[in-house]
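Take a look at the letters that make up each chain.
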Amino acid sequence: MTQIVVLHGAYLNSRAMAPLVRCLQEAMPTARVSAPDLLGHGLESAAADVTLPAQAARLNTLCGRDAPLLVGFGFGARVALQCLRDWPTAPGGIVLIGAGKGPAWGPSTVAGLAAQGIVPSPTPGFLEPLIAGWFASPSSGNVRGLARIAAQMTRGAFCRVLDATRTPAGRIAPSRRVPTLLLHGSLDCNRRPSEAQALAETLDGEIEVFLEGGHALPFEMPGAVAGRIAAWQVRAPEALAAE
């Protein structure tokens, strides 16, 4: 049975990923799909160490001897990369959503909002414009729903996670190559397609572009994302073995 672990983005929690978890379970009914809270988020909000190495170590403990498929969105994609780097036994594969090579640069990032005079904080005044920019066509419902989830963070947890998002994942050795898929929205205002392509090439992975998608693919089109992952997961091990 395939184990799939879905990793949410910064300031969210496992509940935010429920639509994607449900769609993945429907697309791959024999798989076991879960979405834990990352350190600093949700039920793990009291964690003092929320750095990428700490995130990877905790997930390694949770997954035990399994080699799961890690599906990471945003900060969760960076956690997945850290797992690939640090785990004694590499994951079975990684899917990176909204990821790219180099720091995110767009107007709906922490740096982009700071340039507009919007100070990072766990409040609607910061979270709503941050999350609205993730969507190609945001509606008040999906933005406010995710912002309400993010606003549940304590200020201390928010600041610790904010610091963690500013730290890049470490270099990944070529020997750690696993089946890798990048999913990118062509309307993502925080990441250029070239950045996603560059990361895919660095990891010897594949990239699929959603022409009508923004940064928030797991929330905009969870069914389509799950379908792409399911189709790729079937062929990925064979393609890797053939190289």
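From a predicted model like this one, the values you see are computed outputs, not experimental measurements. (Residues numbered from 1 in each chain as written. Predicted model: local features only at pLDDT ≥ 70, side-chain atom pairs only at ≥ 80, totals over all residues. Heavy atoms only, no water.)

### What about the environment of Gly102?
Convention followed: The numbering of helices and of strands both runs from the N terminus, where a helix is a DSSP run of H or I of at least 4 residues and a strand a run of E of at least 2.
For Gly102, the location among the structural elements is in the loop between strand E4 (93-97) and helix H4 (110-115). C-alpha separation for the pair Gly102 and Pro168, spaced 66 residues apart in sequence, amounts to 8.4 Å.

### As for the pattern of salt bridges
Test applied: The term salt bridge refers to a side-chain nitrogen of Lys or Arg lying within 4 Å of a carboxyl oxygen of Asp or Glu. Buried means the residue's accessible area, taken with a 1.4 Å probe over protein chains only, is under 20% of the maximum for its type, while exposed means over 50%, and partly exposed covers the values in between.
A complete count under the given rule lists eight salt bridges for this structure. Here Glu44 ties to Arg58 by a salt bridge, and the two come within 3.5 Å at their closest N and O atoms. With Glu44 in the loop between strand E2 (32-34) and helix H2 (52-63) and Arg58 in helix H2, this pair connects stretches of sequence that are 14 residues apart. A residue is classified by how much of its surface remains accessible, and Glu44, at 27% relative accessible area, is partly exposed. For Arg58, a relative accessible area of 19% corresponds to the buried category. Residue Asp163 pairs with Arg166 through a salt bridge whose shortest N-O separation is 3.8 Å.

### Description of the sheet that holds E4
Cut-off, in case you're wondering: Two strands form a pair only when DSSP identifies at least two bridges running between them. Comment: axis = line fitted to C-alpha atoms, over the contacting stretch for helices; angle = value between 0 and 180 degrees taken between N-to-C directions.
The strand order across the open sheet formed by six strands is E2-E1-E3-E4-E5-E6, and the pairing between neighbours is parallel. With one partner strand each, in any of the chains shown, E2 and strand E6 (206-210) form the two edges of the open sheet. Pairs of neighbouring strands in the sheet enclose a mean axial angle of 15 degrees, with direction left out of account. The pairing of strand E1 (residues 3-7) with strand E3 (residues 69-73) spans four bridges and is classified as parallel. Residue Val5 lies in a different strand from E3, and its bridge partner there is Leu70.

### Concerning helix H5 (residues 124-132)
Note the threshold: The arc in question is traced by the directions running from the helix axis to the C-beta atoms.
For H5, the set of buried residues is Phe126, Leu127, Leu130 and Ile131. The arc that holds the buried residues of H5, viewed along the axis, is 110 degrees, so those residues lie on one side.

### Looking at the confidence of the model for the protein
Short version of the rule: Across the chain, each position has a pLDDT score giving the predictor's confidence in that residue, from 0 to 100. We call two residues contacting when some pair of their heavy atoms lies within 4.5 Å.
When pLDDT is averaged along the protein, the result is 91; 94% of the residues meet or exceed 70. Scored below 50 in pLDDT, residues 239-243 makes four contacts in the model with residues more than four places away or belonging to other chains.

### Concerning the side chain of His215
Selection criterion: Contacts described as polar in this section are N or O atom pairs within 3.5 Å, which, within protein, must combine one atom able to donate a hydrogen with one able to accept it, while residues neighboring in sequence count only if both atoms come from side chains.
The residue His215 is located in the loop between E6 and helix H9 (217-220) in this model. Overall, His215 belongs to the buried group, its relative accessible area being 9%. At 2.9 Å, the side chain of His215 and the side chain of Asp188 are in polar contact. In this structure, His215 is in contact with Phe73, Gly98, Trp134, Asp188, Asn190 and Glu220, ignoring residues within four places of it in sequence.

### As for the packing of aromatic side chains
Formally: In summary, the pairing rule links any two rings of Phe, Tyr or Trp, Trp by its six-membered ring, whose centres are within 6.5 Å, and it sorts them by plane angle into stacked for under 30 degrees, edge-to-face for over 60 and tilted for everything else. Whether a charge lies above a ring is judged from NZ of Lys or CZ of Arg, which has to be within 6 Å of the ring centre and within 35 degrees of the ring normal.
Taken as a whole and judged by the stated rule, the model has five aromatic pairs. Centre to centre, the rings of Phe73 and Phe219 are 5.4 Å apart; their planes meet at 90 degrees, and the pair counts as edge-to-face. In this pair, Phe73 is assigned in strand E3 and Phe219 in helix H9, connecting sequence segments 146 residues apart. The class for Phe219 is buried, based on a relative accessible area of 16%. Arranged with centres 6.5 Å apart and planes meeting at 40 degrees, the rings of Phe135 and Phe219 form a pair that is tilted. With a gap of 84 residues between them, Phe135 in the loop between H5 and helix H6 (140-150) and Phe219 in helix H9 connect regions that are remote in the sequence. With respect to class, Phe135 is no different from Phe219; both count as buried. By way of ring pairs, the aromatic residues Phe73, Trp134, Phe135 and Phe219 are connected into one cluster. For Arg192, the ring lying beneath its charged end belongs to Trp105, and the centroid distance is 4.1 Å. A cation sits over an aromatic face here: Arg228 above Phe210, 4.2 Å from the ring centre.

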